[in-house]
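# Observations on the three-dimensional arrangement
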Amino acid sequence: MRIATIDLGTNTALLLIADILSNGAIQVLCDELRSPRMGKDVDEQRKISEQSFLRVKEIFLEYKEIISRFDVEKIVATGTSALRDASNREEFISQIKSETGITIEMLSGEDEAQWTFRGAISGMKNLSEKITVIDIGGGSTEWSVAESKEQKAESNAIVETSAVRYVLRFSKSVNVGAVRISEKFFSSLPPNESECARKFILQQIAEIQQQQFSYSQLIGVAGTVTTLAALAQRLPQFEREKIANYVLTLEEIENLFHFLSLKSAEEIHALSDTTHGREDILTAGTLILITIMKYFGWEKITASVRGLRYGIALREWEKLK
C-alpha cells in the first residue's frame with residue numbers, strides 16, 4: 001500500500017509518503033516538514049486566524065503537488081491540539097477541503113497519543129519490555145505506555161515491532177506544548193518567566209500517576225527532542241541516521257536548557273538548520289521535557305524521528321488486512 005499522511009500540528013505540518021509492506025514495515029519515499037504555526041494565538045483567542053489559514057493552505061497545495069509525483073493510493077491528513085482548541089475548526093476544515101481537496105480528520109488527544117506511539121516505535125530495535133513514548137507538540141504533550149504482551153496487560157490495542165508484541169496500557173494528552181508555553185510565559189527571549197512556566201507545567205501533569213511510567217524506557221518524538229539530539233551532537237543540519245536512536249541524558253538536556261536560556265531567537269536560529277521554525281519555542285519545549293523527566297524520574301530519553309504520521313499510515317494499512 002502506498003499512502004501519503006499529513007500531520008498538521010500546532011507548529012508544523014509534516015508529510016510522509018511511504019509504501020507499507022506486507023509485514024507492516026514502512027518504506028519511506030518522501031518525508032517533508034514545514035512550519036506554518038497554525039496554532040499561533042489559538043491558546044488565547046481560541047480561533048485559527050486568517051493568516052494561519054493561508055499559510056496552511058499554501059503548504060497543503062505544495063504537499064498536494066509533491067504527492068502527485070507518486071502513485072499514491074490514499075491521502076490522510078490529521079489535525080491535533082490547535083484544531084481541537086479552535087472554535088472555528090469546522091470552518092477551517094471546510095475551507096481547506098474546498099481550496100485544496102484535502103480533508104483533515106481531527107484526532108482526540110488519546111487517539112493522537114496511541115498512533116504517535118505506533119509510529120514512534122516502528123522500525124526501532126532493542127526496545128525494553130515497558131516503553132513510554134512522549135510527544136511534546138506545539139499545543140499539547142501526549143504520553144503512551146505499553147508493555148510486551150508477556151506482561152498480560154488488559155487492552156485490545158496490540159502493537160508488533162521487532163518480533164515483540166506490545167499492549168498499550170495508558171494514553172494521555174495534556175495541554176502543555178512548546179507554542180502554548182512560549183505564548184503564556186516566554187513573550188521574549190532570553191526568557192524571564194522560567195519558574196512560572198515550570199509551575200504551570202507541573203500543575204498540568206500533576207493528575208497523571210507517576211507509577212504509570214515506573215521502569216519504562218522513555219522514547220521521544222517531535223521537534224524538541226530531535227532538535228536537542230542534533231544540538232547535543234553539534235549537527236549543522238538534520239541527519240536522520242545520527243538523530244534516530246540517539247540517547248540524551250537529563251544532564252545533557254539541562255545543560256542545553258541553560259545554554260538556550262541565554263540566547264535570543266535569532267541566536268538560536270543560527271545554531272543549526274534543525275532549529276529553524278522553532279527557534280522561538282525550543283527553549284520552552286526543552287523546559288517541558290526537563291520538568292516531565294524530573295517529575296516522573298527519567299534520567300535519559302531515546303530520540304525517534306518517526307511519529308504520528310507513521311502511526312496513521314499503519315492505521316490505514318491495518319484497515320486493509
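This text goes with the structure placed above it.
Quick summary incoming for the structure in this document.

Before going further, it helps to examine the pattern of salt bridges. Counted by the stated rule, this structure contains 21 salt bridges. A salt bridge links Glu112 to Arg84; the nearest nitrogen and oxygen atoms lie 3.0 Å apart. One end of the pair, Glu112, is in helix α5 (residues 109-121); the other, Arg84, is in helix α3 (residues 81-85), and 28 residues separate them in sequence. Just as Glu112 is buried, Arg84 falls in that class too.

It is worth spelling out the side chain of Ser216 at this point. Here Ser216 lies in the loop between α7 (194-205) and β10 (217-221). A polar contact of 2.8 Å, which involves the side chain of Ser216, links it to the side chain of Thr132. Once residues lying within four places of it in the same chain are set aside, the contact partners of Ser216 are Lys130, Ile131, Thr132 and Trp298.

A word on unusual backbone geometry. Located in the positive-phi region is Ala222, a residue other than glycine, with phi close to 85°. Relative to the helices and strands, Ala222 is located in the loop between β10 and α8 (223-232). Take Ala222: its relative accessible area is 28%, and that puts it in the partly exposed class. Although it is not a glycine, Asn245 sits at a positive phi angle of roughly 70°.

The rules we used
Residues numbered from 1 in each chain as written. Predicted model: local features only at pLDDT ≥ 70, side-chain atom pairs only at ≥ 80, totals over all residues. Heavy atoms only, no water. Salt bridge = Lys/Arg side-chain N within 4 Å of Asp/Glu carboxyl O. Helix = DSSP H or I, 4+ residues; strand = E, 2+ residues; numbered from the N terminus. Buried < 20%, exposed > 50% of the residue type's maximum accessible area, 1.4 Å probe, protein only. Polar contact = N/O pair within 3.5 Å; in protein donor to acceptor, adjacent residues only side chain to side chain. Contact = heavy atoms within 4.5 Å.

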